[in-house]
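# Reading the structure
In case you want the letters, here they are:
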Amino acid sequence: MEAYIPLAQWVDVFVRYMELHFMGFFDVVETFIWFIWFNIEKGISFVPWWLLVILLGLIAWRGAGRSEALFTVLGLVFLQGLGVWDGMVRTLSLVVTAMLFSVVIGTPLGIWAARSNAVHAALRPVLDFMQTMPSFVYLIPAIMFFGLGPVPALISIVIFAMPPLVRLTDLGLRQVSPDLIEAARAFGSTPNQILTKIQVPLALPTIMAGINQAIMLALSMSVIASMIGAGGLGGDVLYGISRVEVGRGFVGGISIVVVAIILDRITQGARREKRVRQA
Amino acid sequence: MIELKREAKVSKLGVELQTPETAENNVKQQVQPKIVVKDLVKIFGDRTERALELLKQGLSKDEILQKTRQVVGIYNINFEVQTGEIFVLMGLSGSGKSTLLRCINRLIEPTSGQVLVDGEDVTGADGKRLRELRRKVMSMVFQSFALFPHRTILDNAAYGLEIQGVKKDERYARARPVLEMVGLKDWEGAYLTQLSGGMQQRVGLARALVNNPDILLMDEPFSALDPLIRREMQNELLALQSKVNKTVVFVTHDLDEALKIGDRIALMKDGSLVQIGTPEEILTHPASDYVAKFVQHVDISKVLTAEGVMKPAEAVRLQDGPRVALRRMRELGISSIFVVTRERRLAGIVTADDALEASERRDPNLSRILIEDIFKARPETPVSDLIPILADSKYPVAVVGEDGRLLGIIVRGALLAGLVRKGNGSE
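Along each chain, numbering runs from 1 in the same order as the chain's sequence is written. Numbering of ligands from 1 and lettering of chains from A proceed in the order in which they are written. Two thresholds apply to this predicted model, a pLDDT of at least 70 for residue-level local features and 80 or more for giving and counting side-chain atom pairs, whereas whole-chain, interface and lining totals are computed over all residues. Side-chain figures throughout are based on the complete set of non-hydrogen atoms in the structure, without hydrogens or water.

## Examining the layout of surface pockets
Residues and elements named next belong to chain A.
- Cavities and pockets are found on a 1 Å grid laid over the protein atoms alone: a cavity is a set of points where a 1.4 Å probe fits but cannot escape, a pocket is an open set with protein on both sides within 12 Å along at least five of seven lines, and a lining residue has an atom within 4 Å of such a point. Grid points are joined across faces, edges and corners, and a volume is the space filled by probe spheres set on the points. Within this model, the second largest pocket holds a volume of roughly 550 Å³.
- As for the second largest pocket, its lining consists of 22 residues, and the residues nearest its centre are Val 137, Tyr 138, Pro 141, Ala 142 and Phe 145.
- A run of H or I in DSSP becomes a helix once it reaches four residues, and a run of E becomes a strand once it reaches two; helices and strands are each numbered from the N terminus. Elements with a contribution of two residues or more to the lining of the second largest pocket: helix H1 (7–21), helix H2 (23–46), helix H6 (117–132), helix H7 (135–146) and helix H8 (150–175).
- When residues in the lining of the second largest pocket are grouped by element, the largest group, 8 residues, is from H7.
- Residue polarity follows a fixed list, in which Ala, Val, Leu, Ile, Met, Phe, Trp, Tyr, Cys and Pro are nonpolar, Asp, Glu, Lys and Arg are charged, and the others, Gly among them, are polar. When its residues are assigned to classes, the lining of the second largest pocket shows 20 nonpolar, 1 polar and 1 charged.

Written as structure tokens, this is what we have:
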């Protein structure tokens with residue numbers, strides 16, 4: 001059927017145009033992202049597996065609790081036993097790098113949106129778009145601009161994972177009682193003092209919920225991004241599908257579940273602890 | 001007629017002769033009031049200029065709302081607050097009292113008019129100076145407490161110092177004595193949820209006092225508390241005020257509260273002031289029917305003080321002797337008379353019977369028949385406290401100043417007359 005609105009062509013033309021005229025810019029971005037990710041992955045894989053188990057166990061214990069720590073240790077030992085340790089490290093490095101970018105970009109955006117109704121209104125449709133657009137679609141321009149590999153994967157992960165962080169930062173800051181902000185003003189606080197001493201601490205549980213959600217989304221996107229060469233546990237799943245190796249696919253799948261539960265419990269625990277302290 | 005004239009004289013004197021300190025302040029006050037509010041107007045809306053113009057032409061609030069869709073919050077507000085005074089803004093909800101309070105520290109930006117603090121134009125201050133004023137000169141206490149739930153009690157109290165960049169040790173050292181003063185010494189590490197409403201507002205008060213401001217702006221601070229705690233907090237505020245001597249602007253919708261704590265009361269209605277005066281003036285000389293209606297159910301005996309109903313004291317001096325005492329009593333037609341020392345300090349009372357007996361014994365000394373165990377009221381003692389004493393006692397009640405001087409006396413008949421008269425005045 002003939003399309004009356006040739007949106008597909010327009011997008012193609014736009015992407016080609018960008019590719020032609022902004023290649024230098026994309027190269028710089030690519031190098032930058034690659035450099036950060038590469039060092040994070042190097043850092044994680046430099047640590048012997050048993051030491052990483054202990055370190056993550058300690059983080060879970062301090063941040064969340066004893067049972068979370070136990071699950072973390074057992075889960076990681078299980079992954080080592082399955083022989084998917086390298087894939088796990090790759091997936092973890094992707095998620096950590098994507099979270100780094102999401103927090104650095106998303107939190108200020110959320111703060112900005114909370115302070116300005118205009119920004120809030122402008123961001124909303126953009127965030128809706130980012131979140132509801134089927135995640136595969138991001139892969140295409142990402143490949144065109146950055147080729148295959150971890151960098152386009154990271155960009156699509158960040159785009160997919162960042163919206164809830166922006167939204168919940170915005171929401172958390174706006175939920176702080178106007179009475180408290182008025183009191184802070186009445187005592188002569190500067191706008192920055194109101195933000196750092198009142199709003200952010202009070203919004204922290206909500207912001208942490210945003211980080212938790214973003215991590216979960218990043219993990220699921222990292223599986224999809226394995227289609228453009230992200231590697232990791234998602235890669236195992238993809239391999240299993242394409243070769244109809246049910247066993248290999250299942251191992252990849254269960255490993256992702258284990259990593260997801262570990263990351264979720266640790267970040268939720270941190271959030272719960274903040275709540276308790278405030279109560 | 002004579003009675004009325006004397007009444008007026010006493011209450012006039014009463015304003016200036018409360019205590020030696022306030023008398024001293026009065027002298028200073030005449031030089032410069034602490035807060036001056038001039039022609040203050042606040043209009044809510046996006047086209048306030050047009051509304052302001054109409055307001056100047058004398059249109060009413062409702063007409064302006066209809067014509068311009070701008071809401072007049074407060075208008076034509078003029079008053080002065082003296083140093084050390086508790087100035088109460090009173091009115092029903094929606095009368096603009098909280099708006100007016102917030103215009104003083106510009107939490108709400110006034111549309112036109114001026115607020116002067118120590119002669120400085122607050123309305124003209126830039127952002128930095130305004131913050132400086134809020135940090136050092138005026139602090140605020142809120143109806144909702146507005147305390148920070150993520151901070152300990154100590155960190156709440158020290159908040160004002162923290163944002164001024166005061167080091168942790170120093171701000172804690174300054175906040176602790178204030179917490180102790182409001183009775184929360186052992187709670188500094190606690191969080192808000194562990195505290196009752198009354199205790200939370202003590203924290204609010206401490207937070208406002210730690211900055212050591214000259215001015216306290218209090219927005220219905222006790223309205224959210226239950227009646228018993230409210231009364232307790234009112235008393236504590238008065239006790240505190242006598243120690244720290246701040247200038248207080250206090251908003252309330254509760255007339256009893258206003259009468260109890262206010263040195264002067266400004267009654268607001270629909271965004272403007274209807275009357276400013278001492279509690280007694282408001283009760284006895286209401287400026288309009290609205291004020292009269294507002295105050296008609298007040299228990300006048302709680303507001304009227306000993307000073308307001310006392311009569312000039314008839315007394316004899318200790319060295320005068322029974323004969324002189326007897327003659328004075330006969331002249332005045334009374335059966336007992338107060339005795340004062342050379343410095344006019346109250347020594348006691350003698351009865352006519354005792355004096356007669358002493359003069360028959362030819363005893364020249366009054367001190368042997370002196371009854372020293374008598375009730376002494378203070379000028380600020382509420383009349384409601386005096387009624388039971390007068391009912392039980394054979395003698396009049398003496399009103400004495402802080403130095404023990406006899407200021408006046410209250411007899412049963414005059415007290416009742418005073419109550420009836422003032423009661424009628426407010427009807």
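Following the structure, the description resumes.
## Observations regarding the sheet that holds strand S2 (residues 71–81) of chain B
Residues and elements named next belong to chain B.
- Judged by pairing direction, the sheet is antiparallel, and its 4 strands sit side by side in the order S2-S1-S4-S5 without closing on themselves. Lying at the two open borders of the sheet, with one neighbouring strand each, are S2 and strand S5 (120–121).
- For two strands to count as paired, DSSP must find a minimum of two bridges between them. Relative to strand S4 (residues 112–117), strand S1 (residues 35–44) runs antiparallel, the two sharing 5 bridges. Residue pairing for S4: Lys 38 is matched across the bridge by Gln 114.
- Here a residue-residue contact requires only that any non-hydrogen atoms of the pair lie within 4.5 Å. Lines fitted to the C-alpha atoms define the axes, with helices restricted to the stretch that makes contact. Angles between their N-to-C directions range from 0 to 180 degrees. Packed onto the sheet, helix H3 (residues 48–56) meets S1, S2 and S4 and runs at close to 120° relative to S1.

## Notes on empty space enclosed by the protein
All names here are of chain A.
- A full pass over the atoms with the stated rule returns 2 cavities of 30 Å³ or more.
- In this structure, the largest cavity occupies an estimated 60 Å³ of space.
- For the largest cavity, the full set of lining residues is Leu 56, Leu 76, Met 88, Leu 92, Val 259, Ile 262 and Leu 263.
- Of all the elements in the fold, those that place two or more residues in the lining of the largest cavity are helix H5 (85–115) and helix H12 (246–278).
- Examining the composition of the lining of the largest cavity, we find that 3 residues originate from one element, H12, more than from any other.

## Points about the interface of chain B and chain A
- Contact with chain B, which involves 27 residues of that partner, is made by 20 residues of chain A.
- Accessible area that two parts lose when put together, evaluated with a 1.4 Å probe and summed over both, is termed the buried area. When chain B packs against chain A, close to 2000 Å² is buried across both sides, 58% of that on carbon and sulfur atoms.
- Among the residues chain B hides against chain A, the three largest losses belong to Leu 107, His 150 and Tyr 159 of chain B. Together they make up 27% of the total.
- One speaks of a salt bridge when a side-chain nitrogen belonging to Lys or Arg is within 4 Å of a carboxyl oxygen belonging to Asp or Glu. At the boundary of chain B with chain A, the tally comes to 2 salt bridges.
- A salt bridge links Glu 182 of chain A to Arg 102 of chain B, with the shortest nitrogen-to-oxygen separation between them at 2.5 Å.
- Between N or O atoms, a polar contact is any pair within 3.5 Å; within protein, one atom must be a potential hydrogen donor and the other a potential acceptor, and residues adjacent in sequence are included only when both atoms are from side chains. Inspection of the chain B/chain A interface yields 10 residue pairs in polar contact (both at pLDDT 80 or more).
- Going through the elements one at a time, helix H6 (127–136), strand S6 (138–141), helix H8 (159–162) and helix H10 (197–210) of chain B are the ones with two or more residues in the side of chain B that touches chain A.
- Each residue belonging to the side of chain B that touches chain A can be placed in one class, and the counts come to 12 nonpolar, 7 polar and 8 charged.

## Points about the pairing of S1 of chain B
Residue and element names in this part refer to chain B.
- The buried label applies to any residue whose accessible area, calculated with a 1.4 Å probe on protein chains only, is under 20% of its type's maximum; exposed applies above 50%, and partly exposed to all values in between. Judged by how many residues are buried, S1 sits mostly within the fold: 7 of 10 residues are covered.
- Sheet analysis places S1 next to S2, joined by 7 bridges and oriented antiparallel. Across the sheet, residue Lys 42 finds its bridge partner in S2, namely Ile 74.

## Considering the packing of aromatic side chains
- Working definition: a ring pair exists when centres of Phe, Tyr or Trp rings (six-membered ring for Trp) sit within 6.5 Å. Plane angles under 30 degrees give stacked, over 60 give edge-to-face, the rest tilted. Evaluated as defined, the whole model comprises 10 aromatic pairs over all chains.
- Their ring planes at 80° and their centres at 6.4 Å tell us that Phe 145 of chain A and Phe 146 of chain A sit as a pair that is edge-to-face.
- Owing to a relative accessible area of 13%, Phe 145 of chain A belongs among the buried residues under this scheme.
- Among the aromatic residues, those joined into a cluster by ring pairs are Phe 25, Phe 26, Phe 145 and Phe 146 of chain A.
- We call a charge positioned over a ring when the NZ of a Lys or the CZ of an Arg lies within 6 Å of the ring centre and within 35 degrees of the ring normal. The ring of Phe 148 of chain B carries the charged tip of Arg 207 of chain B above its face, separated from the ring centre by 5.1 Å.
- The cationic tip of Lys 269 of chain B hangs over the ring face of Tyr 290 of chain B; the distance from NZ or CZ to the ring centre is 4.9 Å.

## Quick word on the confidence of the model for chain A
Residues and elements named next belong to chain A.
- Per-residue pLDDT for chain A has a mean of 89; in total, 96% of the residues score no lower than 70.
- On a scale of 0 to 100, pLDDT captures the predictor's confidence in every residue. Within chain A, no element has a lower average pLDDT than H12, which sits at 80, and none a higher one than helix H9 (residues 178–186), at 95.
- This stretch, residues 275–279, has a pLDDT under 50; its non-local contacts, to residues over four places away or in other chains, come to 10 contacts.

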